[in-house]
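# Results of the structural survey
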Amino acid sequence: EPEVTQTPSHQVTQMGQEVILRCVPISNHLYFYWYRQILGQKVEFLVSFYNNEISEKSEIFDDQFSVERPDGSNFTLKIRSTKLEDSAMYFCASSELSDGYTFGSGTRLTVV
Amino acid sequence: QKEVEQNSGPLSVPEGAIASLNCTYSDRVSQSFFWYRQYSGKSPELIMSIYSNGDKEDGRFTAQLNKASQYVSLLIRDSQPSDSATYLCAGLMGNTPLVFGKGTRLSVIA
């Protein structure tokens, strides 16, 4: 069963530091996404990526965030100058056109 | 604003019973709906998808979609303690990426 791989599984960072969360989507999927889930809350959309560019982003995805596909397999989320409220589970997902998304196992980000 | 609404529960059912989970959505221009299972601290796992009105069965799971009522449900037959998890309803509505409800916590009591 193909899967989406995320690293690291847990990241602790000091407030104000930059973090990069990494994802390897399923190889034949064309659409990539980042979602986050603050503890006890719903899964929230951050950004979608298609054809090497952002296709949609939410209000959460402000200038603090950026995404990149640096090579043919990796998809990264960078958070500049982290804040305490950025602490959450961050999920990468990928999909074919209109199918359900396959989620990675997530990165738990803790900002201290 | 496209939204998916779920009762957060918890919903408790005895082992072997049918669990019924429901969700409503806001956008009439709906396309596809999905049910995900999420164990505590884990990522959402896709268990069912439904694209057209009616029922879709897969093993112990049946998804139901009623576009006129903007209503989606998931039935779990012969519920097992291992089914205890949070069930997330999610929809592709218009051109927006997948929108999730808050999830319903299901507890199956042995």
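Just so you know, these numbers come straight off a predicted model, no measurement behind them. (Residues numbered from 1 in each chain as written. Chains lettered and ligands numbered in written order. Predicted model: local features only at pLDDT ≥ 70, side-chain atom pairs only at ≥ 80, totals over all residues. Heavy atoms only, no water.)

The next subject is the overall build of chain A. Summing up its helical and strand segments, chain A has 0 helices and 11 strands in all. Ordering the α and β elements of chain A from the N terminus gives β-β-β-β-β-β-β-β-β-β-β. The C-alpha radius of gyration computed for chain A amounts to 13 Å, which stays within 12% of the reference 13 Å derived for 112 residues, consistent with globular compactness. Projecting the C-alpha coordinates of chain A onto the three principal axes gives extents of approximately 35 × 25 × 25 Å. Counting over 112 residues, chain A shows a buried share of 45%. Sequence-distant contacts, at least 24 apart, represent 53% of the contacts inside chain A between residues at least 6 apart. (Helix = DSSP H or I, 4+ residues; strand = E, 2+ residues; numbered from the N terminus. Rg over C-alpha atoms; globule rule 2.2 N^0.38 Å. Buried < 20%, exposed > 50% of the residue type's maximum accessible area, 1.4 Å probe, protein only. Contact = heavy atoms within 4.5 Å.)

Okay, the sheet that holds strand β6 (residues 54–58) of chain B next. Residue and element names in this part refer to chain B. Across the sheet, which stays open at both edges, the 5 strands sit in the order β1-β3-β8-β7-β6 with antiparallel pairing between neighbours. Of all the strands in the sheet, the pair left with one neighbour each is β1 (4–6) and β6. Across the sheet, the mean angle separating the axes of adjacent strands is 20 degrees when strand polarity is ignored. As paired elements, strand β7 (residues 61–66) and strand β8 (residues 71–76) share 6 bridges and run antiparallel to each other. Paired with Asn66 across the strands is Tyr71, a residue of β8. (Pairing = 2+ DSSP bridges. Axes fitted to C-alpha atoms, helices over the stretch in contact; angles between N-to-C directions.)

With that settled, consider the side chain of Gln38 of chain B. Positionally, Gln38 of chain B belongs in strand β4 (residues 30–38). The contacts of Gln38 of chain B, once residues within four sequence positions are left out, are Gln37 and Phe91 of chain A together with Ser43, Pro44, Ala85, Thr86 and Leu88 of chain B.

Residues and elements named next belong to chain A. Here Gln64 is to be found in the loop between β6 (53–57) and β7 (65–68). A sequence separation of 46 residues divides Gln64 from Glu18, and the C-alpha atoms of the two residues are 9.5 Å apart. In contact with Gln64, not counting residues within four places along its chain, are Lys78, Ile79, Arg80, Ser81, Thr82, Lys83 and Asp86.

Turning to the packing of aromatic side chains, a few remarks are in order. Under the definition given, this model contains 16 aromatic pairs over all chains. Their ring planes at 10 degrees and their centres at 3.9 Å tell us that Tyr33 of chain A and Tyr101 of chain A sit as a pair that is stacked. Taken together, the positions of Tyr33 of chain A in strand β4 (residues 31–37) and Tyr101 of chain A in the loop between β9 (88–95) and β10 (102–103) put the pair 68 residues apart, joining distant regions of the chain. Ring centres 5.6 Å apart and planes at 90 degrees place the aromatic pair Phe103 of chain A and Tyr36 of chain B in the edge-to-face group. With Phe103 of chain A in strand β10 and Tyr36 of chain B in strand β4, the pair connects residues from two separate chains. A relative accessible area of 8% places Phe103 of chain A in the buried class. (Phe/Tyr/Trp six-rings, centres within 6.5 Å; stacked < 30°, edge-to-face > 60°.)

Enumeration over the complete set of coordinates arrives at 5 salt bridges over all chains. With a closest N to O distance of 3.2 Å, Arg36 of chain A and Glu44 of chain A form a salt bridge. Note that Asp27 of chain B and Lys2 of chain B form a salt bridge whose closest N and O atoms lie 3.3 Å from each other. In this pair, Asp27 of chain B is assigned in the loop between β3 (19–25) and β4 and Lys2 of chain B in the segment before β1, connecting sequence segments 25 residues apart. (Salt bridge = Lys/Arg side-chain N within 4 Å of Asp/Glu carboxyl O.)

Residues and elements named next belong to chain A. Across the sheet, which stays open at both edges, the 4 strands sit in the order β1-β3-β8-β7 with antiparallel pairing between neighbours. Because the sheet does not close on itself, it has two edges, and the strands there are β1 (5–7) and β7. With strand direction ignored, the average angle separating the axes of adjacent strands in the sheet is 20 degrees.

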